Amino acid sequence: MKNTIQAVVNQPIDKVFTTILSIIASKGYVITSSQKEGGLISFNTPRTIKTWGYNFNCTLIEKDANNTEVYLAGELKRYAITDWGEGDKIANNILLKYRILFFLSSSISLCS
């Protein structure tokens, strides 16, 4: 079962890559590989009461100098009949934290 979440963010790919990498690390997920030039990040989530954990790939595609497409695709580490929507929740939480950080950094620069 593969879950994919897509978003477009209004920031350059380098900033998006660095920020998403730090968000993943801050959540305690294990980063298995990262390739800034290719815009690829792979990471694992731990086992929970609901799932055996996930293997995720994050792909970043530069649309133009200030817009980046973000794809987060997660797959269960082991087969299960259902994942209770956990993969989508993980991906959406990463993007939500990105949006909050983006909003806060924008607000700080507007206030100064």
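Structure first, text after, so check above.
Sequence order as written defines residue numbering, which begins from 1 separately in each chain. Given that the model is predicted, a residue must reach a pLDDT of at least 70 before its local features are reported, and side-chain atom pairs must reach 80 or more before they are shown or counted; all residues, however, enter totals for whole chains, interfaces and linings. The basis for every side-chain value is the complete set of heavy atoms in the structure, and neither hydrogens nor water enter the calculation.

A word on the side chain of Glu69
What counts as a helix is a DSSP run of H or I of at least four residues, what counts as a strand is a run of E of at least two, and both are numbered from the N terminus. Note on placement: Glu69 falls in strand 5 (residues 67-76). Of the polar contacts made by the side chain of Glu69, one reaches the side chain of Tyr71; its length is 2.9 Å. The contact rule is simple, with two residues in contact once any of their heavy atoms fall within 4.5 Å. Setting aside residues up to four positions removed in sequence, Glu69 forms contacts with Gln6, Ala7, Val8, Thr59, Leu60, Ile61 and Lys63. Nitrogen and oxygen atoms within 3.5 Å of one another constitute a polar contact, given that in protein one can donate a hydrogen and the other can accept it, and given that sequence-neighbouring residues count only through two side-chain atoms.

What to know about the packing of aromatic side chains
Ring pairs shown here join Phe, Tyr and Trp side chains whose ring centres sit within 6.5 Å, with only the six-membered ring taken for Trp; geometry is labelled stacked below 30 degrees between planes, edge-to-face above 60, and tilted in between. For the structure on display, the rule yields three aromatic pairs. Aromatic side chains Phe43 and Phe56 sit 5.1 Å apart centroid to centroid with 5° between the ring planes, which places their arrangement in the stacked category. Residue Phe43 is located in strand 3 (residues 40-44), and its partner Phe56 is located in strand 4 (residues 54-64); the two are separated by 13 residues in the primary sequence. Remark: exposure states derive from per-residue accessible area (1.4 Å probe, protein chains only) relative to the maximum for the residue type, with buried under 20%, exposed over 50%, and partly exposed in between. We classify Phe56 as buried; its relative accessible area is 1%. Ring pairs connect the aromatic residues Tyr29, Phe43, Tyr54 and Phe56, which therefore count as one cluster.

Considering the nonpolar core
Nonpolar side chains in soluble globular proteins tend to be buried together. Remark: nonpolar core denotes a set of buried residues (Ala, Val, Leu, Ile, Met, Phe, Trp, Tyr, Cys) joined through side-chain atoms within 4.5 Å. Ile20, Phe43, Leu60, Val70, Leu72 and Ile94 are the most contacted members of the largest nonpolar core, which totals 24 residues. Looking at this core element by element, the count peaks at six residues for helix 1 (residues 13-26). Sequence-distant contacts of Leu72, that is, excluding residues within four places in its chain, are made with Asn3, Thr4, Ile5, Phe43, Phe56, Asn57, Cys58, Ala91, Ile94 and Leu95.

Quick word on the pairing of strand 4
Here the rule is simple: two strands pair whenever DSSP picks up at least two bridges between them. In this structure, strand 3 lies alongside strand 4, joined through five bridges in antiparallel fashion. Across the sheet, Ser42 pairs through a bridge with Asn57, a residue of strand 4. Note that strand 4 and strand 5 share ten bridges and pair antiparallel. Across the sheet, the residue bridging to Tyr54 is Leu76, located in strand 5. Linkage of strand 4 to strand 5, two consecutive antiparallel strands, is achieved through a turn of two residues.

Here's the deal with helix 1
How far a helix is expected to stretch is found by multiplying one less than its residue total by 1.5 Å. Taking 1.5 Å of rise per residue, the 14 residues of helix 1 would be expected to cover 20 Å, and the 20 Å separating its terminal C-alpha atoms lies within 8% of that figure. By the burial criterion, the buried members of helix 1 are Ile13, Val16, Phe17, Thr19, Ile20, Ile23 and Ile24. Downstream of helix 1 by a residue or two, Gly28 has a phi angle that is positive, lying close to 85°.

Considerations on the environment of Val70
Of note, Val70 is situated in strand 5. With a relative accessible area of 0%, Val70 lands in the buried category. C-alpha separation for the pair Val70 and Ile20, spaced 50 residues apart in sequence, amounts to 9.7 Å. Setting aside its immediate chain neighbours within four residues, Val70 contacts Ile5, Gln6, Ala7, Val9, Val16, Ile20, Cys58, Thr59, Leu60 and Leu95.

Focus on the side chain of Ser42
By the secondary structure assignment, Ser42 is in strand 3. The residues contacting Ser42, other than those within four sequence positions of it, are Val30, Ile31, Thr32, Ser33, Phe56 and Asn57.

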